[in-house]
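Summary of structural features
The primary structure of each chain is shown beneath.
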Amino acid sequence: MPGPADVAGAAEAEYRPLLFSIAYGMTGSVGDAEDIVQDTFLGLTRARQAGTTIADPKAYLTTAVTRLGINYLSSARVRRETYVGDWLPEPVVVPAGGPGPAEHAELADSLSMAFLVLLETLSPVERAVFMLREVFGYGYPDVARITGKTAVNCRQIFARARQRIGAGGQARHSAPTAARRAEGEELARRFFEAAAGGDMDALLGMLGPDVVMHGDGGGKAQVRGRPLAGRQGVMRHLVGLFRRGRVLGVALRLAWINGQPGAVAYDATGRVISVFALDVADGVVQAIRAVVNPDKLGHLGPVSDLARLPRRTDDG
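Residues numbered from 1 in each chain as written. Predicted model: local features only at pLDDT ≥ 70, side-chain atom pairs only at ≥ 80, totals over all residues. Heavy atoms only, no water.

**Considerations on the overall build of the protein chain**
In terms of regular secondary structure, the protein chain is built from ten helices and seven strands. Taken over 316 residues, the protein chain has a buried fraction of 46%. In the protein chain, the proportion of contacts linking residues at least 24 apart, taken out of those at least 6 apart, comes to 66%. Surface accessibility of the protein chain: about 15,300 Å² in total, with carbon and sulfur atoms responsible for 53%. (Helix = DSSP H or I, 4+ residues; strand = E, 2+ residues; numbered from the N terminus. Buried < 20%, exposed > 50% of the residue type's maximum accessible area, 1.4 Å probe, protein only. Contact = heavy atoms within 4.5 Å. Areas by Shrake-Rupley, 256 points an atom, 1.4 Å probe, with all protein chains shown as cover.)

**Re the packing of helix H8 (residues 178-197) against helix H10 (residues 231-247)**
It is at 7 Å that the axes of H8 and H10 come closest, and there the two elements cross at 75°. The orientation of H8 with respect to H10, classified from their angle, is roughly perpendicular. For the pair formed by H8 and H10, the contact residues are Phe 191, Phe 192, Ala 195, Ala 196 and Gly 197 on the first element and Leu 238, Val 239, Phe 242 and Arg 246 on the second. Among the residues making up the contact of H8 with H10, the classes are represented as seven nonpolar, one polar and one charged. (Axes fitted to C-alpha atoms, helices over the stretch in contact; angles between N-to-C directions. Parallel < 35°, antiparallel > 145°, perpendicular 65-115°, else oblique. Nonpolar A, V, L, I, M, F, W, Y, C, P; charged D, E, K, R; others polar.)

**Points about the pairing of strand S5 (residues 260-266)**
Within S5, seven of the seven residues are buried, which leaves it mostly tucked inside the rest of the structure. The alternating pattern of S5 places Gln 260, Gly 262, Val 264 and Tyr 266 on one face and Pro 261, Ala 263 and Ala 265 on the opposite face, and all of these are buried. Where strand S4 (residues 251-257) meets S5, seven bridges bridge the pair, whose relative direction is antiparallel. Across the sheet, residue Leu 254 finds its bridge partner in S5, namely Ala 263. The antiparallel pairing of S4 with S5 creates a hairpin that spans two residues between the two strands, and Asn 258 there sits at a positive phi of about 50°. Pairing of S5 with strand S6 (residues 272-281) involves five bridges; the strand directions are antiparallel. Of the residues in S6, the one forming a bridge with Ala 265 is Ser 274. Here S5 folds back onto S6, and the loop between the two strands holds five residues, one of which, Gly 270, carries a positive phi near 85°. (Pairing = 2+ DSSP bridges.)

**What about the confidence of the model for the protein chain?**
Per-residue pLDDT for the protein chain has a mean of 88; in total, 86% of the residues score no lower than 70. Per-element confidence in the protein chain ranges from a low mean pLDDT of 80 for helix H1 (residues 4-27) to a high of 97 for helix H6 (residues 140-147). (pLDDT = per-residue confidence, 0-100.)

**Observations concerning the packing of aromatic side chains**
Overall, the coordinates contain eight aromatic pairs when judged by the stated rule. Residues Phe 115 and Phe 130 carry aromatic rings whose centres are separated by 6.2 Å and whose planes lie at 35° to one another, so their mutual orientation is tilted. Placement of Phe 115 in helix H4 (residues 113-119) and of Phe 130 in helix H5 (residues 124-134) is noted, with a sequence separation of 15 residues between them. Each member of the pair, Phe 115 as well as Phe 130, is classed as buried. Aromatic ring contacts, followed pair by pair, group Phe 115, Phe 130, Tyr 140 and Phe 158 into a single cluster. Sitting over the face of the ring of Tyr 266, Arg 253 holds its NZ or CZ atom 4.0 Å from the ring centroid. (Phe/Tyr/Trp six-rings, centres within 6.5 Å; stacked < 30°, edge-to-face > 60°. Lys NZ or Arg CZ within 6 Å of the ring centre and 35° of its normal.)

**A few points about the pattern of salt bridges**
If you walk through the whole model with that rule in mind, you get 13 salt bridges. Here Arg 127 makes a salt bridge to Glu 120, at a shortest N to O gap of 2.6 Å. Classification of Arg 127 as buried rests on a relative accessible area of 1%. Two residues, Arg 160 and Glu 126, come together in a salt bridge whose shortest N-O distance is 3.3 Å. Taken together, the residues Arg 160 in helix H7 (residues 151-165) and Glu 126 in helix H5 connect sequence positions 34 residues apart. Note on Arg 160: relative accessible area 40%, which makes it partly exposed. (Salt bridge = Lys/Arg side-chain N within 4 Å of Asp/Glu carboxyl O.)

Laid out in structure tokens, this is it:
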């Protein structure tokens, strides 16, 4: 007969992907999401050790992880308001050409970088209600139970949140088909090859007329101070960026970034420099998001100093 440890282990294996998805959707941080999930399971273990009967572990865990996420956002709001430059989430990366999404990636098809940036405009409770309903498909009674609100209140919160972030806040509910994934990988391959080779004509043909490039350096890495808009400007910036990278021995590996085609850049010693995610629609790139902040890349491996800004001294 399975013991308590076996039951706990089975629950952890079964529910960890869902709990990570909720925690990541709330925080936009891979490391913080993993910490919140760990705290959630620790809370379950302590409750059982204290003699609490938990009839529905999934309901208990989803409630706990959501409320921990709300608490996290409430304390993180000041940090977000003083963030230097564009804020982008920590990227969830799956190598291209692999067998399919890994545990941490099954959420990413619904939680793109663009969607997570939009969620930043919501209050912690609004974000929890909107995400549970829009991304994970929970009914209002369940959303109410998880958040501690009434079902009527949750309907009002959801409507207000959707109005605030607009049509762009609608998440995708299914992973792309194998054909769409292959198409996305092929576009990314041609895109990054053109950028690396300085092929301006090819790049222009793959960029939408209103393309925007966002860069998140967090005040710690070299990026443009504000988003760059327009096909010509983005094309010239990419060509210059990749020309410098070529001289420095930078290598790119195609990957899926939060469910979108993209790439990870490595220096000559194999350390991570940055992550690029491509928003693709109508066969062209509509937006490029580059995460260069070293604090947001550590979960991918050793981080390069190549793009890091010099540390400020007390005199400077």
